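This is what each chain is made of:
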Amino acid sequence: MIKHTIEKSEIIRLLKDEKEDILYERADKLREEYVGDEVHLRGLIEFSNICRNNCMYCGIRKDNPLLKRYRMSPEELVETARRAADIGFKTIVMQSGEDMWFSQKIMCDIITKIKKFDVAITLSIGERTYEDYKAFREAGADRYLMRIETTDKNLYHKLDPNMSWQHRHECLMMIKELGYELGSGIMVGLPEQTIESSADDLLYLQDIEFVMAGIGPFIPHAQPPLKDAAGGTLELALRTMAVMRIMMPDINIPATTAMESLHPKGRIRALQCGANVVMPNVTEGEYRRLYELYPGKICVNDTPTQCRSCIGIKIASIGRTVGLSYGGHNGRLPQKAKL
Ligand code: SAH
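Residues numbered from 1 in each chain as written. Predicted model: local features only at pLDDT ≥ 70, side-chain atom pairs only at ≥ 80, totals over all residues. Heavy atoms only, no water.

*Asks:* I'd love a proper account of helix α1 (residues 8–16), names of residues and values included.
*Replies:* Those residues of α1 not exposed but buried are Ile11, Ile12, Leu14 and Leu15. Along the long axis of α1, the arc covered by the buried residues comes to 160 degrees, so they all point the same way. (Buried < 20%, exposed > 50% of the residue type's maximum accessible area, 1.4 Å probe, protein only. Helix = DSSP H or I, 4+ residues; strand = E, 2+ residues; numbered from the N terminus. Arc of directions from axis to C-beta.)

*Asks:* Which residues make up the site of the ligand, and what values go with them?
*Replies:* Surrounding the ligand, one finds 17 residues, the nearest of these being Tyr57, Ser96, Arg147, Glu149 and Ile219. One of the side-chain N or O atoms of glutamate 149 is found 2.6 Å from an oxygen atom in the ligand. Protein chains bury 92% of the 560 Å² of accessible surface belonging to the ligand in isolation. Of the residues assigned to the shell around the ligand, the class counts are 10 nonpolar, four polar and three charged. (Near = heavy atom within 4 Å. Polar contact = N/O pair within 3.5 Å; in protein donor to acceptor, adjacent residues only side chain to side chain. Areas by Shrake-Rupley, 256 points an atom, 1.4 Å probe, with all protein chains shown as cover. Nonpolar A, V, L, I, M, F, W, Y, C, P; charged D, E, K, R; others polar.)

*Asks:* Explain the packing of aromatic side chains to me, and be specific about the residues and the numbers.
*Replies:* Scanning the model with the defined rule gives seven aromatic pairs in all. Ring centres of tyrosine 144 and tyrosine 180 lie 5.7 Å apart, and the angle between their planes is 85 degrees; on these two criteria the pair is classed as edge-to-face. Of this pair, tyrosine 144 sits in strand β5 (residues 143–145) while tyrosine 180 sits in the loop between α7 (165–177) and β6 (181–188), and the two are 36 residues apart along the sequence. With respect to burial, tyrosine 144 and tyrosine 180 carry one shared label: buried. Here a set of aromatic residues connected by ring pairs shows up, and it is made of Phe47, Trp101 and Phe102. Above the plane of the ring of tyrosine 180 lies arginine 137, whose end atom (NZ or CZ) is 5.6 Å from the centre. (Phe/Tyr/Trp six-rings, centres within 6.5 Å; stacked < 30°, edge-to-face > 60°. Lys NZ or Arg CZ within 6 Å of the ring centre and 35° of its normal.)

*Asks:* Pulling in residues and values, what's your account of the environment of leucine 44?
*Replies:* Structurally, the position occupied by leucine 44 is in strand β2 (residues 43–48). Of the residues examined, leucine 44 reaches a relative accessible area of 9% and is grouped as buried. It is 9.7 Å that separates the C-alpha atoms of leucine 44 and phenylalanine 89, two residues lying 45 residues apart in sequence.

*Asks:* Can you tell me about the environment of glutamine 306, naming the residues and giving the values?
*Replies:* Within the secondary structure, glutamine 306 is located in helix α13 (residues 304–317). By relative accessible area, which is 41% here, glutamine 306 ends up partly exposed.

*Asks:* Quick rundown of the pairing of strand β4 (residues 120–124)? Include the residues and the values.
*Replies:* Buried residues dominate β4, accounting for five of its five residues. The side-chain alternation of β4 yields two buried faces, one formed by Ala120, Thr122 and Ser124 and the other by Ile121 and Leu123. Two elements, strand β3 (residues 91–96) and β4, share five bridges in a ladder whose sense is parallel. If you follow methionine 94 over to β4, its bridge partner there is leucine 123. Since β3 and β4 lie parallel, the crossover through helix α4 (residues 104–115) that links them has a hand, and here it is right-handed. With two bridges connecting them, β4 and β5 associate as parallel partners. Each residue of the ladder has a partner; that of threonine 122, found in β5, is arginine 143. On the question of chirality, the crossover connecting β4 to the parallel β5 by way of helix α5 (residues 130–139) is right-handed. (Pairing = 2+ DSSP bridges. Right-handed = clockwise from strand over helix to strand, strands pointing away.)

*Asks:* Can you tell me about the sheet that holds β5, naming the residues and giving the values?
*Replies:* The strand order across the open sheet formed by six strands is β2-β3-β4-β5-β6-β7, and the pairing between neighbours is parallel. The strands lining the two open edges of the sheet, one partner per strand, are β2 and β7 (212–217). Strand-to-strand, the axes of this sheet are offset by a mean angle of 20 degrees, without reference to chain direction. Where β2 meets β3, five bridges bridge the pair, whose relative direction is parallel. Along β3, the bridge assignment pairs isoleucine 45 with methionine 94. Here helix α9 (residues 234–247) sits on the sheet in contact with β6 and β7, set at roughly 160 degrees to β7. (Axes fitted to C-alpha atoms, helices over the stretch in contact; angles between N-to-C directions. Contact = heavy atoms within 4.5 Å.)

*Asks:* Talk me through the packing of helix α8 (residues 195–208) against α9; I want residue IDs and the actual numbers.
*Replies:* As a packed pair, α8 and α9 sit with axes 10 Å apart at the nearest point and diverge in direction by 35 degrees. Handedness of the crossing formed by α8 with α9: right-handed. The segment α8 lies against α9, with Ile195, Leu202, Leu203, Leu205 and Gln206 engaging Leu236, Thr240, Val243, Met244 and Met247. The residue makeup of the contact of α8 with α9, split by class, is eight nonpolar, two polar and no charged. (Left-handed = near helix turned anticlockwise from the far one by under 90°.)

Right, dumping it as structure tokens:
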């Protein structure tokens, strides 16, 4: 991974004061130079909204009594992945709450089956044991996605009661050691979060050398305890993302769904100031709406095919192309697990 070293004071200046068009143009140029014009698509399957955690910002937190819970059966999940592969996705991302019904054995079985569809597999299922991560990797998982959320440990512990920042960090280190292509990310606009703290977050992402990193604006949910918080803006998320592209010019950066939930052109704007990945939703039916991390989530009534064609048109409209490869870091898949 290529790193551009920037002093923290300069990161803060870029985040706070740099003129928007200058910042975005610089990020866009670096994106073009280092990762090209292709936009890599990942089909996102939200397979369970059952979670053992209680993150204050999150709509699927355990103690949200108003949410109808669902869990796809393994057969449903594999079938959803098959359909996503059929419509051309080369990466399947499986995301869920921390739902321990999906045991090591059940997950491995699902991974083995989906791997037959000639796709790269990304898991985004939170904190598990080393043995689980190892087994998933051996079964064929290529990548793992887990945001650190914030590097301000006090803030993290306030927002994620009963969770440990150190443990999340250690999980990320285990995943990396196992040879996954590792993605992480942060939220911006969390209550009490400062620009200095976001600068620390970016330095952390660079230091750990994540090869994929996403920035999501925090969107307050009506149900969880933070319902009256201000939340993040699209502008703040884009600025932070652009600075991240400057610091880590060759990583994969998604234009996030939360960005588009704040503004109808959120993802397209993101693609024009640093991003090179989009994760269209390929979850089907009612589950889309029920995987409600935050209100105003886009595309809840659409089908996977609609989402695929809609994003294709948007990408073409800005003169970019959809990548046809697996779209890993440097265009590669990680080596087969050598354990
Ligand atoms: N259980 C998995 C997936 C978590 S949900 C894991 O622990 O990694 C995926 C991401 O959604 C979270 O990492 C968080 O960054 C984001 N998210 C949750 N609530 C949100 C909100 N209210 N606004 C914006 N993003 C949110």
